[in-house]
Structures are given as C-alpha cells and as structure tokens.
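One letter stands for each residue in the lines below.
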Amino acid sequence: MLSYNLVLCNPAGAAGIALMNSGARTVIWGDRQSQILLFCFFSFTYAYFFQGGGWNQNSYFDTIRAIVERGTMEITAYAGNTGDVAPFNGRIYENKLPGLALAGAPVYFILYHLERLLGISLDSFRAVSFNAHVLTFFTSGLPGVLLLVVLYRHFRRREATVYESLCLTGAFGIGSLILPYSGVMMSHLFTACLLFAAWHLISAPTLSRGTALAAGLMAGMAVFADLLAAPAAVLFLVYLYAERKRTAILPFLAGTGLFAGVLAAHNYHYFGNILLTNQAIQPEAFKTSGYALGMFTWPRPIFLYWLTLHPYRGLFYGCPVLALSLLSFRWPFRISLATGIPLLVFGYYLIFNMSFNGWTGGWGVGPRYLIPSLAFLYSLSLDGFRRWPTIARLLIVVSAVFMISATAVEVMVPSPNEGPPPPTSPVTGSIGQLASGEVSVSAQGMLDYLPARSPNEEWDSYNVGELLGLTDIFSLAPMVIATLFFGYLVHLAKPESKRVRSSRSRRPR
C-alpha cells in the first residue's frame, strides 16, 4: 500500500509542492504546474459558455467578417444586426476602435478558408454561431485566461505562497466579472489583459529596455482596442519616471507610439482625420443634450452607490470577493507608489463611469466598463486574504455562486437608459432561475438586431453541456465537476504552506 506525503521542494530556487510515493516518483506542484493548471482549467471554463449576440458583440463580429471577406473595416453589408454603428459619408463602421477586430481577424481567416473549402455556407446559423463562439474565446476568453496567469505571477512576486496565489487567482477567475464576460465578444477582457500585463512588467524590481518595449506594445495595443486605456498608459509613464526607471521611458513610448501611429493611419484612411476615431462618431441616439461630446458630465455622487453597492449593477454586490482589496488596508493608510498606481487606475475608470451617460454599460451584468481595472484593484487583496481568512472564504464562495449563476442563466441583462436602476438584482435572481432549470436564456443571436423568437432561439446562447445533450441545470455538470477538481488540486497546497512556515520558524539560526 502506497503512502503519500506533502513535502517542500525547491526546484531551480522556486518553492513548490511535491507529492511523493515512498520516495520513488515525484510530481512537482510548483509555479510552472500551477500556471498550467490555471491555464487549462480556465480555458475549459471560459470556452464552456457562449452568451450569444448583442449590438456590441455583433458589431465586432461584423467588422471581423468585413476585414477577412471584403478587405475593409466598413460594415455596411453586415450592419443589419447591430445598432452600435458609426455612420460616416454614407458608409457604416463599428463605433469602437479597431484593436479587437484586428486581433480576431487571423482566427476568422482560418475558419473562413477552411469552411469555404468544406463547402459550408458562412451565412448559415450554425456556421455563424460556431465562428462567433470560437472568435469570442480567442478575443475574450483567452485574454481572460492569460490575465489570470499574469495575476498569479504578480501575487507570487508579492511573496504569496503557491496556495495563496492559486486560491486568490482562482477566486478572481470564477468570482468576478471575468467569468460572465469571457463568453461575450467585447473588448473589456482584451484590454484588461494587456494593461495589467504591461503593469506587471514595468513594476518588476528590474526592468530592461526590451521588457519596457514589450510593456509599451501591450499598453499601446490596449489603447488601440479602447481609448479609455490611454490614461492608464500615462500613469505607467509617471511610475517609470518617479521610480527612476528613466532608461525604460523611451522604449515604453516607442511601443505605445507604434500603435498610436497605426491608429492615426486607420483614422486618416477611413475618416480623413488622424484624430477622428470610431468612438467619436456616435449616432444621436447615444448622445445626451448638454453633455460634453454628448456623453460626459461631472461625476455624479449617486452613481458611486449605483456602481458599487446597488443590487442591480453594484460591483461589490455582485462580486463581493473584490472587497478583499479594501480589507487589506490598515489605519493609518500608507500607500506606496506601487500601490497607488493600481488604485489610480481603478479610480480613473470609476470616475469615468460616474461621468458617462451610458454608465449602465447597456445590456449586461454588473458595471462592465470597470472590468479593465479590476485586476489592478484585486492585486492588492493579499493582506485582506491573510488577515480575514474566514471572511475571505465566505466572500469567495458567495462570489463564485453569484457569477456562475449569472453566467449560466443570462449575462446580457436589459438595462434602463434613464432614471435610477431597478431595486432587484439580476445576479441573485439568476440563482432562482437556475434552480428552476433555466439556463442560457438570451435569445439574441449574432444575426439578430434584437432578441427575437425564431426556430434557432434556444441556440442563440448555450453552454457546452447543452451541445453534449444535457439539459437544464444538468448541463453545468461537466463544468461543476471540473471546478470541484480544480478546488481539490488547489487545496493540496494548503497544508504545505502551513508546514513551510512552521519549519522555517524552527530552523536553527
């Protein structure tokens, strides 16, 4: 009979967990294996759900099709399925920057030519849904997975144990807005991954010119996908200057400048003005009289409550695990530059959302415009996790239940455009819907202008379990099993983390 013992290993100077059977074979459970675990589990989880269509995702899909099928970013031929448009000189474009569409174009190029070779109609419902699902994973799901891997590395740099890093990263991946929006083709996770990866690189103790260039390219690509990322890139420059990493400033600027030049060329080619972007060309229906550019006003204090604690769109109401970051601060507050920059990034996004006439984010769960800043806020959660372990476990469980339920039932929740939000919570409401057997209820497909009843309605959104023939709540069984197994593997590291501390405390000096 074999006996197993958890022991501390230190391969190549990195702490890890090993599972040994009588000294014969050793399986290392260290940083490399932890990152592989995160990548595999969350790739499976984020590919599991497809949330269907909507104006935002349909406009991205239309642009990707236009690039590959017609060699242009003009979507006039496809725009019957979306209201997120930028009309200009009699032609129609998406009202978003081109970064995400260009990133998805190579994937669709492969699908397009393969399907043509097989004689598949690219306009058929099944082909469109399949292509959109694949594109959604590569433009939203995969960036979300990579964001988690970077976040794990960031926690390890802050001297978190393997268990702490796995637990915190896993909780963020399944208990925050990253989970529901991994199945929606929007730019938020794409931007979030690039921005936080750039911050992780420049905030390292040592920074080479090559690494600074890579960080600049990431920040530039983030801005190329969403102009809201630009102030974050400016904050990164402030950090480099203040931390006396001034030899990295020019390489960083070169990276961001490259994408600024590409964006300027795009603007000039399509709109005749290097400063005129897709986002600046908005239909009148999206504008409010008396607002700057038709969209912005002074930050409204009531929106702080609506965006953070209100049941309908409140960030901490739907994702209470994020409160661990707030529990990390002690009085009197001592905020270093390395802590201040992440707080400023989150604060900037919050103030923008408080000033924006579309603060609800249109249809969706939670305040989706805050998603690119969530990893910055959550990167400060380690002390809260350590100081309040019981509360941390409770917040993780509640957040996971909330986000899994919302993801399984409906992410594209309708939102009022005017007035205060409803007092109900679509997140907690989804728990009751899930218990009654409702899953994948969104009825707007990639070809639909609005949710509509059609022969294909039940497949406008779906999960992989339904494709396998499972129904209702049972369609979540493969994902739930995978989640429990992931939790078990994470738990294997916990006893060792305690043993490491106790063995160090008894070490002779």
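Let us look at the structure shown here. (Residues numbered from 1 in each chain as written. Predicted model: local features only at pLDDT ≥ 70, side-chain atom pairs only at ≥ 80, totals over all residues. Heavy atoms only, no water.)

1. A word on the overall build of the chain
Each helix and strand counted, the chain has 21 helices and 7 strands in total. Put simply, the chain has 509 residues, and 56% of those count as buried. Pairs at least 24 apart in sequence give 74% of the contacts found in the chain among residues at least 6 apart. Carbon and sulfur atoms provide 64% of the accessible area of the chain, an area that totals close to 22600 Å². The centroid of the 34 positive side-chain charges in the chain is displaced by 19 Å from the centroid of its 24 negative side-chain charges. (Helix = DSSP H or I, 4+ residues; strand = E, 2+ residues; numbered from the N terminus. Buried < 20%, exposed > 50% of the residue type's maximum accessible area, 1.4 Å probe, protein only. Contact = heavy atoms within 4.5 Å. Areas by Shrake-Rupley, 256 points an atom, 1.4 Å probe, with all protein chains shown as cover. Lys, Arg positive; Asp, Glu negative; His and termini not counted. Charge placed at Lys NZ, Arg CZ, Asp CG, Glu CD.)

2. What to know about the packing of helix H1 (residues 31-48) against helix H20 (residues 477-491)
Interhelical geometry of H1 versus H20 gives an angle of 160° and a closest axis separation of 11 Å. It follows from the interaxial angle that H1 and H20 lie roughly antiparallel. Read as a crossing pair, H1 and H20 show a hand that is left-handed. Residues Leu37, Leu38, Phe41, Phe42, Phe44, Thr45 and Tyr48 of H1 lie in contact with H20, whose contacting residues are Pro478, Met479, Ala482, Thr483, Phe486 and Leu489. For the contact of H1 with H20, the per-class residue count stands at 11 nonpolar, 2 polar and no charged. (Axes fitted to C-alpha atoms, helices over the stretch in contact; angles between N-to-C directions. Parallel < 35°, antiparallel > 145°, perpendicular 65-115°, else oblique. Left-handed = near helix turned anticlockwise from the far one by under 90°. Nonpolar A, V, L, I, M, F, W, Y, C, P; charged D, E, K, R; others polar.)

3. Some remarks on the side chain of Thr139
Tracing the backbone through its elements, the reader meets Thr139 in helix H4 (residues 125-157). Every residue in contact with Thr139, bar those within four places of it in the chain, is listed here: Leu100, Gly104, Met185, Met186 and Phe190.

4. Considerations on the packing of aromatic side chains
A full pass over the atoms with the stated rule returns 32 aromatic pairs. For the pair Phe137 and Phe138, a centre-to-centre distance of 5.5 Å together with 80° between the ring planes defines the contact as edge-to-face. The exposure class of Phe137 is buried, given its relative accessible area of 16%. Site record: aromatic cluster; members linked through ring pairs are Phe196, Trp199, Phe236, Tyr239, Phe252 and Phe376. Arg246 extends its terminal NZ or CZ atom over the ring of Tyr241, reaching a point 4.2 Å from the ring centre. The ring of Tyr369 is capped by Arg368, whose NZ or CZ atom sits 4.8 Å from the centre of that ring. (Phe/Tyr/Trp six-rings, centres within 6.5 Å; stacked < 30°, edge-to-face > 60°. Lys NZ or Arg CZ within 6 Å of the ring centre and 35° of its normal.)

5. Describing helix H2 (residues 55-70)
It helps to recall that an α-helix has 3.6 residues per turn; residues three or four apart then point in one direction. Between its terminal C-alpha atoms H2 stretches 21 Å, which fits the 22 Å expected from 16 residues at 1.5 Å a residue. For H2, a buried count of 13 out of 16 residues is recorded, marking the element as mostly surrounded by other parts of the structure. Of the residues trailing H2, Gly71 is marked for its positive phi of about 70°. (Expected span 1.5 Å × (residues − 1).)

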